[in-house]
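# Residue-level structural notes
Residues per chain are reported as follows:
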Amino acid sequence: MRLTRYFLPVLKETPAEAQIVSHRLMLRAGMIKQQAAGIYSWLPLGLKVLRRIEQIVHEEQERAGHIALLMPTLQPADLWRESGRYDDYGEEMLRITDRHKREMLYGPTNEEMITDIFRSNVESYKQLPLTLYHIQWKFRDEVRPRFGVMRGREFLMKDGYTFDIDKDAALHAYNRHMVSYLRTYERMGLTAIPMRADSGPIGGDDTHEFLVLASTGESEVFYDAAVTDLHLGDREIDYADRAGVKAVCDEFTTLYARTDETHDAALFDAIPPERRRVGRGIEVGQIFYFGTKYSDPMKANVVNDQGARVPVHMGSHGIGVSRLLGAIIEASHDERGIIWPEGVTPFAVGIVNLKQGDSATDAACEGLYAAVQATGLEPLYDDRDDRAGAKFATMDLIGLPWRITVGPRGLANGVVELTERRTGVSVEMTAEAAVARLVEIYALHR
Ligand code: ATP
Ligand code: MG
């Protein structure tokens, strides 16, 4: 993409309405525009990151054997009457009446609808286990929408639903989700810590929330500092291996890590004092096992291997896809702007032309632009006729992790400059070497 052809409405001023850094930076970098309280348009740069996050979520869900579908945003109220949640959900639910006076709602979540799909189509234990998920917009009429996309009213969520014949199988599905979520967040450059949580209005037995540590987080968290050193890395996971998957979950959930809802002072005090931490966190996901809470009232039964009809064991598992943009920025920025992790960056590299209009410099930039594209990576070429300082400021603000600077002085020596956004370290090399280096770097994030 050439910047002169792009739509990147960056703001010079810091928007007054934004209280936290991620919200400020998303507005300044021209990623989102607020349309109503908690409701945003996704401008091209914001949409690109949102799509990258979705892509990682899809890849990791598919790797775990989970199957994508797509349910609508609008749902009939009657389904929610069956589960009893139509009245329970309260004012967060946006209720709508259509022209035929039928009661509808904008889905805040999809347990009822997926249970309906399941009961209409699945008969036998032989069709289990089954995990269906989608990435779809949700609406919750939050009392206090704030912090930009972190607490919106309309927001994008990945929600997956598991169907199993018994509790053991359902707990394996739960564990599979935990591991797939750990992988998902790591690919986004995040450390998200699973913390034992309270089941809340969705109800349930087992539940963990995934929290990204950040001083602006809405949850108070208590943890053993050693949990922040745990990483999956590139180990192979066999999602069919129940014991192996459980062992990974045990590794990540044995050390103390809880939110204020489930905090246990006695257990916390048992952690060696130098490892005790109290802080704040952003909830970027949650997994639940809730047994037959929906399958009982909604009669989602299957025939088991004894020929008896039994209610299916269920779980639901959510990732805050749009909230993740805010969480990633909270975790990765500096005073100049965003620093995207390679896994989610909107463009792989920014190309800065220091002397637009100089035929040799322009030609070198065009060659580089084409060479990067030929590798399958997407460059953003700042081809504006502007000062170097202004170009650097834009690149720093929008947070591309790598920048290649091309100027007449370097070209005279046959080199360009490759700069890492995070460290600010620049290295001179030939254009070919810079492209090769980028290919190496991004190969690690596929
Ligand atoms: P919260 O406690 O933050 O209100 P929740 O526990 O009600 O969230 P879940 O039902 O667990 O939310 O939804 C799954 C994920 O969706 C959450 O972990 C969070 O990342 C995201 N999410 C929930 N509410 C919002 C919102 N208003 N705006 C953006 N993302 C949200
Ligand atoms: Mg939650």
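Residues numbered from 1 in each chain as written. Chains lettered and ligands numbered in written order. Predicted model: local features only at pLDDT ≥ 70, side-chain atom pairs only at ≥ 80, totals over all residues. Heavy atoms only, no water.

With respect to the helices and strands, Ala-257 occurs in strand 12 (residues 257-259). Residues Ala-257 and Glu-142, spaced 115 residues apart in sequence, show a C-alpha to C-alpha distance of 27 Å. Dropping the residues within four chain positions of it, Ala-257 is found in contact with Ile-193, Pro-194, Met-195, Arg-196, Phe-222, Tyr-223 and Val-227. (Helix = DSSP H or I, 4+ residues; strand = E, 2+ residues; numbered from the N terminus. Contact = heavy atoms within 4.5 Å.)

At the metal site, the magnesium ion (ligand 2) is ligated by Glu-283 (OE) and Gln-286 (OE1), and these contacts range over 1.9 to 2.2 Å. A relative accessible area of 25% means that Glu-283 is categorised as partly exposed. We classify Gln-286 as buried; its relative accessible area is 13%. (Donors = N, O, S within 2.8 Å, 3.2 Å for Na, K, Ca; no water. Buried < 20%, exposed > 50% of the residue type's maximum accessible area, 1.4 Å probe, protein only.)

Looking now at the site of ligand 1. Close to ligand 1 lie 14 residues, the nearest being Arg-140, Glu-142, Arg-151, Gly-152 and Glu-283. Here a nitrogen atom of ligand 1 sits 3.4 Å away from a polar atom, N or O, in the main chain of Met-150. Gly-152 places a main-chain nitrogen or oxygen 2.8 Å from a nitrogen atom of ligand 1. Expressed as a share of its isolated accessible area of 580 Å², the protein-covered part of ligand 1 is 84%. Looking at the shell around ligand 1 element by element, the count peaks at four residues for strand 13 (residues 276-291). Residue composition of the shell around ligand 1, by class: five nonpolar, four polar and five charged. (Near = heavy atom within 4 Å. Polar contact = N/O pair within 3.5 Å; in protein donor to acceptor, adjacent residues only side chain to side chain. Areas by Shrake-Rupley, 256 points an atom, 1.4 Å probe, with all protein chains shown as cover. Nonpolar A, V, L, I, M, F, W, Y, C, P; charged D, E, K, R; others polar.)

For the rest of this paragraph, the subject is unusual backbone geometry. At the junction of Leu-128 and Pro-129, the peptide bond is cis and its omega measures out at 0° in the coordinates. Relative to the elements of secondary structure, Pro-129 occurs in the loop between helix 5 (111-121) and strand 7 (130-139). Even without a glycine there, the phi angle at Lys-101 is positive, about 65°. As for its placement among the helices and strands, Lys-101 is situated in the loop between strand 5 (94-97) and strand 6 (103-106). Given a relative accessible area of 68%, Lys-101 falls into the exposed group. Positive phi values are uncommon outside glycine, yet Lys-299 reaches one of about 55°.

Taken as a whole, the protein chain is organised into domain 1 (6-337) and domain 2 (347-443). Both faces considered, domain 1 and domain 2 share a buried interface measuring about 990 Å² in area, 58% of it formed by carbon and sulfur atoms. On the domain 1 side of the interface with domain 2, the three residues burying the most area are Leu-45, Lys-48 and Arg-336, jointly 39% of the side's total. Here domain 1 and domain 2 share four salt bridges between them. (Domains from an automatic or database assignment. Buried area = accessible area lost by both parts, 1.4 Å probe. Salt bridge = Lys/Arg side-chain N within 4 Å of Asp/Glu carboxyl O.)

Of the strand pairs in this sheet, strand 4 (residues 74-76) and strand 6 are connected by three bridges, and their pairing is antiparallel. Opposite Leu-74, over in strand 6, you have Tyr-106 as the bridge partner. In this structure, strand 5 lies alongside strand 6, joined through four bridges in antiparallel fashion. Directly across from Leu-94, in strand 6, lies its bridge partner Tyr-106. Hairpin connection from strand 5 to strand 6: five residues lie between these consecutive antiparallel strands, with Lys-101 at a positive phi of about 65°. (Pairing = 2+ DSSP bridges.)

In summary, soluble globular proteins display a tendency toward joint burial of nonpolar side chains. Core analysis: the largest hydrophobic core is formed by 69 residues, its most contacted members being Met-31, Ile-53, Tyr-185, Phe-210, Val-284, Leu-325 and Trp-340. The element best represented in this core is helix 6 (residues 167-187), accounting for seven residues. If you count residues domain by domain, this core takes at least three from each of domain 1 (6-337) and domain 2 (347-443). Here Ile-53 is in contact with Met-188, Val-321, Leu-324, Leu-325, Ile-328 and Val-344, once residues within four sequence places are set aside. The next biggest cluster of nonpolar side chains, apart from the first, holds 25 residues, and it includes Trp-80, Tyr-161, Ala-300 and Met-314. (Core = buried A, V, L, I, M, F, W, Y, C linked by side-chain atoms within 4.5 Å.)

All right, on to the side chain of Ser-295 then. Considering the arrangement of structural elements, one finds Ser-295 in the loop between strand 13 and strand 14 (301-303). Take Ser-295: its relative accessible area is 0%, and that puts it in the buried class. One polar contact links the side chain of Ser-295 to the main-chain carbonyl oxygen of Val-312, over a distance of 2.6 Å. Once residues lying within four places of it in the same chain are set aside, the contact partners of Ser-295 are Ala-300, Asn-301, Pro-311, Val-312 and Met-314.

Here we come to helix 1 (residues 21-28). Helix 1 sits mainly inside the fold: six of its eight residues count as buried. Looking at helix 1, one finds that the buried residues are Val-21, Ser-22, His-23, Leu-25, Met-26 and Leu-27. Tucked inside the fold, the buried residues of helix 1 contact strand 1 (32-36), strand 2 (39-42), helix 9 (321-331), strand 17 (333-334), strand 18 (337-338) and helix 11 (388-398). Gly-30 sits one or two residues past helix 1 and shows a positive phi near 65°.

Enumeration according to the criterion identifies 12 aromatic pairs in this entry. On the basis of an interplanar angle of 80° and a centroid distance of 5.7 Å, the ring pair of Trp-80 and Tyr-89 is categorised as edge-to-face. By the burial criterion, Trp-80 is buried, and Tyr-89 matches it. Centroid distance Phe-222 to Phe-268: 5.7 Å. Interplanar angle 85°. Geometry classified as edge-to-face. Residue Phe-222 is found in strand 11 (residues 219-224), and its partner Phe-268 is found in helix 8 (residues 265-269); the two are separated by 46 residues along the sequence. Here Phe-222 and Phe-268 have matching classes, each one buried. Among the aromatic residues, those joined into a ring-pair cluster are Tyr-181, Tyr-185 and Phe-210. Against the face of Tyr-86 rests Arg-95, its NZ or CZ located 4.6 Å from the ring centre. (Phe/Tyr/Trp six-rings, centres within 6.5 Å; stacked < 30°, edge-to-face > 60°. Lys NZ or Arg CZ within 6 Å of the ring centre and 35° of its normal.)

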